[in-house]
Amino acid sequence: MQNQTNYGSSKSREEALETESFKDDLPRAVLRPNDYVLLDGEWNFAVDPDDKGILESWYIDHPFTGTAHWPGSIEAHLAATQHDNPSWKDKIVVWYERNFDCPPHATPELESDTIVQLTFGACGYETQVWLNGHLLSTIEGEEVHTGEYTSFSYELETLLPVNRLTVRVASSMDADIPRGKQESHVYKRGGIWYQTFTGAVRSVWLETVERNRLRSRVGVVSVIEDDLVRFSLTTRIHDPGLYKIKLLVYAPGSGQYDELVAEDEFPLMLNAGQKSQRLVLDVPHAQLWSTHAPNQYRLVARLIDEKGSVSEIETKLGLRKFEARGSHLYLNNKPIYLDGILYQPGNASYRQIQKHLLAMKELGCNLVRIHIAGVDPRIYKLADKIGMLLWVEVPSPHQSTMKSRENHRAELMRMLALIGTHPSVVIWSLYNEDWGVQDIAVNQETRQYVIDMYHYMHLAHPEFLVVDNDGWQHISFEGKLKSDLLTAHLYTPNLDQWKKMLDELTGGNMETVAAFPLVVGDPFFFRKQVPLIVSEWGGFGFENYGGPVDDAARANQIALFKAELRKRAVSGDVYTQATNIEDERNGLIDPETGVLNVPPGLLASGTNIDVTNGSQQVKNL
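Calculation rules
Residues numbered from 1 in each chain as written. Predicted model: local features only at pLDDT ≥ 70, side-chain atom pairs only at ≥ 80, totals over all residues. Heavy atoms only, no water. Buried < 20%, exposed > 50% of the residue type's maximum accessible area, 1.4 Å probe, protein only. Helix = DSSP H or I, 4+ residues; strand = E, 2+ residues; numbered from the N terminus. Pairing = 2+ DSSP bridges. Right-handed = clockwise from strand over helix to strand, strands pointing away. Axes fitted to C-alpha atoms, helices over the stretch in contact; angles between N-to-C directions. Salt bridge = Lys/Arg side-chain N within 4 Å of Asp/Glu carboxyl O. Parallel < 35°, antiparallel > 145°, perpendicular 65-115°, else oblique. Left-handed = near helix turned anticlockwise from the far one by under 90°. Contact = heavy atoms within 4.5 Å. Nonpolar A, V, L, I, M, F, W, Y, C, P; charged D, E, K, R; others polar. Expected span 1.5 Å × (residues − 1). Polar contact = N/O pair within 3.5 Å; in protein donor to acceptor, adjacent residues only side chain to side chain. pLDDT = per-residue confidence, 0-100. Phe/Tyr/Trp six-rings, centres within 6.5 Å; stacked < 30°, edge-to-face > 60°. Lys NZ or Arg CZ within 6 Å of the ring centre and 35° of its normal. Core = buried A, V, L, I, M, F, W, Y, C linked by side-chain atoms within 4.5 Å.

(A) Geometry of the pairing of strand β22 (residues 338–343). Here β22 lies mainly inside the structure; six of its six residues are buried. Burial of β22 is two-sided: the residues L338, G340 and L342 facing one way and the residues D339, I341 and Y343 facing the other way are all buried. Where β22 lies against strand β32 (residues 572–576), four bridges are found, and the strand directions are parallel. Bridging from a neighbouring strand, G340 pairs with V574 of β32. Inspection of the sheet shows β22 paired to strand β23 (residues 367–370) by four bridges, in the parallel sense. By the bridge assignment, I341 is partnered in β23 with V368. Following the backbone out of β22, through helix α3 (residues 350–362) and into the adjacent parallel β23, one traces a crossover that is right-handed.

So, in structure tokens, the structure goes:
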């Protein structure tokens, strides 16, 4: 009989959500003091099954007969409008349209040093936008924006009292597109492959920005030994000239009466366009960020022109150092074991994501591996606040081609531009289980691309550890692993087999312990050169897999398997998985409520389950 016991203090989690300032309207980490208007809500909607909307100038005039709620997926909008569209096994094109009033701050009477910016939190895979019938280009100059996981913006220079915004979104089953575990031409829906979730998936908003400004992206690299913080900021300039950037850093938890702990000014001669700039600030006697003490400083950055006009952005940041030394991991020079869990948010709302993340903390996890998926970027801010490490992965294409590698690199660059602020993000995976690099063992071009991206990450983002291809088939070049971690996905429901697999793994078996050889390319001799991570295991409850059939038995089995991991020279593990999603019914947390289905602390190192007489008490070892 299925055990229905709910574990965990859901009330305390709800209170935490209510009392902490987790409620952000905009899905981003870097904020502005400027006005903004959300355009979320009901939009006019139409399906374009023959892809004739551009030819017929739908952006000029079209009788949109349907409606759809933004944000939301194309799939949900098709279902809501009762469109039976079997062609969405190949390609789908839809259109959205709505009117909006000119914001008061955009009237001609005001000074001309401000612009109205239109930002999409995420939309795609291909997005085109028209304002009053005129095609817009993104700040990066794209008439067609590609990608569906990160934000992009337009500058609206001419507005009418009432304006018409028209959006065309196209997506397909193209296996060259970074799509994670969404179905494609290569992998069909079912099992571990999910329904597509694409289109208008995050909020869209208007905001006032300065003509000459700092963009809402900040990279942070801290070297804790010298108290220096390296900031990467991006300027957007229309009027070339001499500017200065002023940085102000306020102490953690300083609240209403902020304690300024560091400030400096940096003169810059800036040309028109966009430019990234590294700036360094001394933050003496720094309070470091960790899983037990997630100290967050507040950064205010101001771009000031020769007339004294100011553009300001603000964000939180944490100072930390995460590194691999030999076979061990260290956070702020202290050894750490990764008690991880695999998380696939799917189409969860941000409110649900909040509950999930707090429940994972309650399970005893100090790391969450966000599994090859686009996710609401507010998850990074929440992880920063509660002290949860994150392992981020680029959503993978499903076939290995030159085009898929180009798309993969573009997606990686977009993600890096927006995630570099967060101390919680410590590990990046370029690929997972060779999806999108299926020929990694035999194609030197494929391996070289992965090697190049690995080295790029080390040079441009030394704050992260990088995994080349998680699970197996890591790349060795001249006997040097092109991954900071040696990771393995090991699945069995049998405890004796589990012990054998762990013994072989820690003993250096590179050939047969996982589904594929752990290393490809040149011979690699493990000898404990790098940390060893079992980055997927468990999965108890997956159909036809075997193992426990109810939550109580599953908790007992997890505790036994976890104990075996901690007996061996392993630096971390990631249990599969946090919540159920479609056919994968192996979650430990209720996806709707965030309530635990197993005892709290189950995945923390140093706990086990006392199974004497069928009891289910978690004991601290």
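Continuing now.
(B) Structural context of the sheet that holds strand β5 (residues 114–120). Spatially, the four strands line up as an open sheet ordered β1-β11-β5-β9, and their pairing is antiparallel. At either end of the open sheet lies a strand with only one pairing partner, and these are β1 (36–38) and β9 (152–156). For this sheet, the mean angle separating the axes of adjacent strands, direction not counted, is 25 degrees. The pairing of β5 with strand β11 (residues 204–210) spans seven bridges and is classified as antiparallel. Note that in β11 the partner of F120 across the bridge is V204.

(C) Molecular detail of the pattern of salt bridges. Within the structure shown, the criterion is met by 33 salt bridges. We note a salt bridge from R164 to E97, for which the minimum N-O separation is 3.6 Å. Here E97 lies in strand β4 (residues 91–101) and R164 lies in strand β10 (residues 162–172), a separation of 67 residues in the sequence. Classification of E97 as buried rests on a relative accessible area of 9%. Put simply, D503 and R568 hold a salt bridge, and the shortest N to O gap is 2.8 Å.

(D) The packing of α3 against helix α4 (residues 378–386), seen in detail. For the pair α3 and α4, the least separation of the axes is 10 Å and the interaxial angle reads 30 degrees. It follows that α3 is roughly parallel to α4 by the angle criterion. In this structure, α3 crosses over α4, and the sense of that crossing is right-handed. Along its contact with α3, which presents Y350, I353, Q354, L357, L358 and K361, the element α4 presents R378, I379, L382, A383 and I386. Tallied by class, residues from the contact of α3 with α4 come to eight nonpolar, one polar and two charged.

(E) View of helix α8 (residues 551–566). End to end, α8 covers 22 Å across 16 residues, agreeing with the expected 22 Å (1.5 Å per residue, within 8%). With respect to burial, α8 is a largely interior element, 12 of its 16 residues being buried. Here α8 has its buried residues at D551, A552, R554, A555, N556, Q557, I558, A559, F561, K562, E564 and L565. N-cap assignment for α8: the residue whose side-chain oxygen lies 3.2 Å from the backbone N of A552 is D550.

(F) Fine view of the confidence of the model for the protein chain. When pLDDT is averaged across the protein chain, the result is 91; 91% of the residues are at 70 or more. Per-residue pLDDT stays below 50 along residues 1–6; that stretch engages in 13 contacts with residues further than four places along the chain or on separate chains. Throughout residues 16–23 the model reports pLDDT below 50, and contacts reaching past four residues in sequence, or to other chains, amount to 15 contacts.

(G) Structural detail: helix α5 (residues 402–419). In a regular helix each residue adds 1.5 Å, so 18 residues correspond to 26 Å; α5 covers 26 Å between its end C-alpha atoms and thus fits that length. Elements that come into contact with the buried residues of α5 comprise β8 (145–146), α4, β24 (389–393), β25 (425–432) and α6 (444–460).

(H) Layout of the packing of aromatic side chains. Summed over the entire model, instances satisfying the criterion amount to 22 aromatic pairs. The positively charged end of R325 is found above the aromatic ring belonging to Y330, 4.1 Å away from the centroid. Just above the ring of Y337 sits the side chain of R566; from NZ or CZ to the centre is 3.7 Å.

(I) The environment of V218, seen in detail. Checked against the element boundaries, V218 lands in strand β12 (residues 213–223). Put simply, V218 and R527 are 309 residues apart on the chain and 39 Å apart in space, counted from C-alpha to C-alpha.

(J) Summary view of unusual backbone geometry. P71 follows W70 through a cis peptide bond whose omega is 5 degrees. In this structure, P71 sits in the loop between β3 (66–70) and α2 (74–80). For R527, which is not a glycine, the phi torsion comes out positive at approximately 45 degrees. By secondary structure assignment, the location of R527 is in the loop between β30 (519–521) and β31 (532–538). For R527, a relative accessible area of 68% gives the class exposed.

(K) Layout of the packing of helix α7 (residues 495–506) against α8. For the pair α7 and α8, interaxial distance at closest approach is 10 Å and the crossing angle is 20 degrees. It follows that α7 is roughly parallel to α8 by the angle criterion. You can see that α7 and α8 cross each other, and the crossing is right-handed. Between α7 and α8, the contacting residues are L495, W498, K499 and L502 on the first element and L560, F561, E564 and L565 on the second. Across the contact of α7 with α8, the residue classes tally to six nonpolar, no polar and two charged.

(L) Structural detail: the nonpolar core. By size, the foremost hydrophobic cluster in this structure holds 79 residues, and its most contacted members are L363, W428 and L490. Residues I92, F120, L165 and V167 belong to the second largest nonpolar core, which totals 31 residues.

(M) Structural context of the sheet that holds strand β28 (residues 480–481). Taken together, the three strands give an open sheet; going across it, the order is β28-β27-β30, and neighbouring strands pair in mixed fashion. Of all the strands in the sheet, just β28 and β30 have a single pairing partner and so form its edges. Examined bridge by bridge, strand β27 (residues 474–477) and β28 share two bridges and lie antiparallel to one another. What sits directly across from F477, in β28, is K480.

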